[in-house]
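Structural overview for review
The chain contents come next:
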Amino acid sequence: MDESAQEVSTRCALVTGSSRGIGLAIARSLAETGCDVALNCSGSARLPALEETAAEIAQRFGVQATAFAADISKPEEAKRLVDEALAAFGHIDILVNNAGITRDGSIVRMTEQDFDDVIAVNLKGAFNCCKAVARPMMRQRFGRIISLSSVVGIYGNAGQVNYAASKAGVIGMTKALSRELVSRGITVNAVAPGFISTDMTDALPDRQRALLVERIGCGRLGTPEDVANVVRFLASDGAGYVTGQVICVDGGLQA
Ligand code: NAP
C-alpha cells in the first residue's frame, strides 16, 4: 500500500443519524473505503441495535466502528458525541450531518412545536456538530463537512414549511462555513437528495408515491446508496478543491 492510500485508510468519519436509512448507507460506504466510523442514534433505546450494526461493519470492512447515542439537537449532547468520538478514535476527519426528522402538515395545522422540533434537529443539530468539530479540524488542518439538505430546501414543497426552512438553512450555513474554514484545509458541502426510499418516505401513500415517480427522470425513487456514493466522493481526499457546493441527487426530478 502506498503512503497516500495509507493516509486515506486512517481517516475517521462521524455520521449523525446513522442507525438506518441514508446515514447507515453513508457509514457503510465510508467504511468500505477504509474509514473508521463513529455511528450515532438519537437515544439510548436504539443503542444496543446500533452497537450490533457497528460490530457488523467493523467485521465486514476491517475498520473500527463505534456506536454513540446522542440527541444532536442539544448542544451539550452534540459536544459530548464529538468528544467521545475523539476519545475513541483520536481524530475526526469527516463529519456527515445526516440526522433529520419531518413533522409535515399544512401551515394551518402545523404547530409551533412541529416547526421548532424540525429546525432544532435538522438545522441547529447540524450547527451544534459543526461547532463541536471545528476546532479539532482546524488544529489538524484537514476536514470534510458534508450536510444533508434536500431538494425541498431549494424548490419548496407543500406541507413542509418547517422542513423546507431547515434544509434551506443548511444550504446557507454550508456556504457561510465553507468561506470560514477553506483556508484551514476544511471543505464544507451539502448534498440535496430528491426522494429516497427510506423510513422517511415509506410513510407516503401509494398514490402520492406514483405521482412522484412520474416526475423523476430516472423513473424510480433513489436508494440510500445513490446518496452515499456522492457523500463518499465529497469525503475523499480527492475532493479537496470542492467547497461551498450543493449537489442534488434527485434522479432528474422535475421541480
Ligand atoms: P430516516 O430513515 O428517518 O433516519 C433518520 C436518522 O436520523 C435516524 O438514524 C435517526 O436516529 C436520526 N435522528 C433523528 N433525530 C435525531 C436526533 N435528534 N439526534 C440524533 N439522530 C437523530 O431518514 P433518512 O430518510 O435516511 O434521511 C436522512 C437525511 O437525509 C435527513 O437529514 C433527511 O432530511 C435527508 N433527506 C432524506 C430524503 C429522503 O427522501 N429520504 C430526501 C432528502 C433529504 P434514530 O434511529 O435514533 O431515530
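This write-up is about the structure you can find in this document. (Residues numbered from 1 in each chain as written. Predicted model: local features only at pLDDT ≥ 70, side-chain atom pairs only at ≥ 80, totals over all residues. Heavy atoms only, no water.)

**Description of the site of the ligand**
In the region of the ligand, 31 residues are neighbours, and Ser19, Ser42, Asn98, Tyr163 and Thr198 sit closest. With respect to the ligand, the backbone of Ile72 contributes an N or O atom lying 3.1 Å from a nitrogen atom. For the ligand, the accessible surface in isolation is 920 Å², of which the surrounding protein chains cover 94%. At the level of secondary structure, the elements contributing two or more residues to the shell around the ligand comprise helix 2 (21-32), strand 2 (36-41), helix 7 (161-181) and helix 8 (199-202). If you tally residues by element for the shell around the ligand, the top one is helix 8, at three residues. Looking at the shell around the ligand residue by residue, the classes come out as 13 nonpolar, 13 polar and five charged. (Near = heavy atom within 4 Å. Polar contact = N/O pair within 3.5 Å; in protein donor to acceptor, adjacent residues only side chain to side chain. Areas by Shrake-Rupley, 256 points an atom, 1.4 Å probe, with all protein chains shown as cover. Helix = DSSP H or I, 4+ residues; strand = E, 2+ residues; numbered from the N terminus. Nonpolar A, V, L, I, M, F, W, Y, C, P; charged D, E, K, R; others polar.)

**Section: helix 7**
Over its 21 residues, helix 7 runs 30 Å from end to end, which matches the ideal 30 Å to within 8%, given 1.5 Å per residue. Taken together, the buried positions of helix 7 are Asn162, Tyr163, Ala164, Ser166, Lys167, Val170, Ile171, Met173, Thr174, Leu177, Ser178 and Leu181. Check the buried side of helix 7 and you find it contacts helix 5 (112-140), strand 5 (143-148), helix 6 (152-155), strand 6 (186-193), helix 8 and strand 7 (246-249). (Expected span 1.5 Å × (residues − 1). Buried < 20%, exposed > 50% of the residue type's maximum accessible area, 1.4 Å probe, protein only. Contact = heavy atoms within 4.5 Å.)

**Considerations on the nonpolar core**
Taken as a class, soluble globular proteins show a tendency for nonpolar side chains to be buried jointly. Ile26, Leu30, Val37, Ile57, Ile94, Val96 and Val227 are the most contacted members of the largest nonpolar core, which totals 33 residues. Broken down by secondary-structure element, the contributors of at least two residues to this core are strand 1 (12-15), helix 2, strand 2, helix 3 (47-61), strand 3 (65-69), strand 4 (94-97), strand 5 and helix 10 (224-235). Here this core gets seven residues from one element, more than from any other, and that element is helix 2. Excluding residues that lie within four positions of it along the chain, Ile26 makes contacts with Val15, Val96, Asn98, Leu148, Ala228 and Val231. (Core = buried A, V, L, I, M, F, W, Y, C linked by side-chain atoms within 4.5 Å.)

**Describing the sheet that holds strand 5**
Ordered in space as 3-2-1-4-5-6-7, the seven strands form an open sheet in which the pairing is parallel. Each edge of the open sheet is held by one strand with a lone partner, namely strand 3 and strand 7. Between one strand axis and the next, the sheet turns through 20 degrees on average, direction left out of account. The pairing of strand 4 with strand 5 spans four bridges and is classified as parallel. From the neighbouring strand, Val96 faces strand 5, where its bridge partner is Ile146. Taken strand by strand, helix 3 contacts strand 2 and strand 3, and its axis lies near 165 degrees from that of strand 3. Lying on the sheet, helix 7 is in contact with strand 5, strand 6 and strand 7; it crosses strand 6 at an angle near 160 degrees. (Pairing = 2+ DSSP bridges. Axes fitted to C-alpha atoms, helices over the stretch in contact; angles between N-to-C directions.)

**Concerning the pattern of salt bridges**
Considering all chains together, one arrives at 10 salt bridges under this definition. Close ionic contact of Asp199 with Arg20 constitutes a salt bridge, the shortest N to O distance being 3.0 Å. Taken together, the positions of Asp199 in helix 8 and Arg20 in the loop between strand 1 and helix 2 put the pair 179 residues apart, joining distant regions of the chain. Taking the relative accessible area as the measure of exposure, Asp199 reaches 48% and is therefore partly exposed. Under the relative-accessibility criterion, Arg20 is labelled partly exposed at 40%. Residue Arg80 is joined to Glu77 by a salt bridge in which the shortest nitrogen-to-oxygen separation is 3.6 Å. Here Arg80 pairs with Glu77, and both are found in helix 4 (residues 75-89), just three residues apart, close to one helical turn. A relative accessible area of 31% places Arg80 in the partly exposed class. (Salt bridge = Lys/Arg side-chain N within 4 Å of Asp/Glu carboxyl O.)

From the geometry alone we can't say anything about function, so treat these as descriptive.
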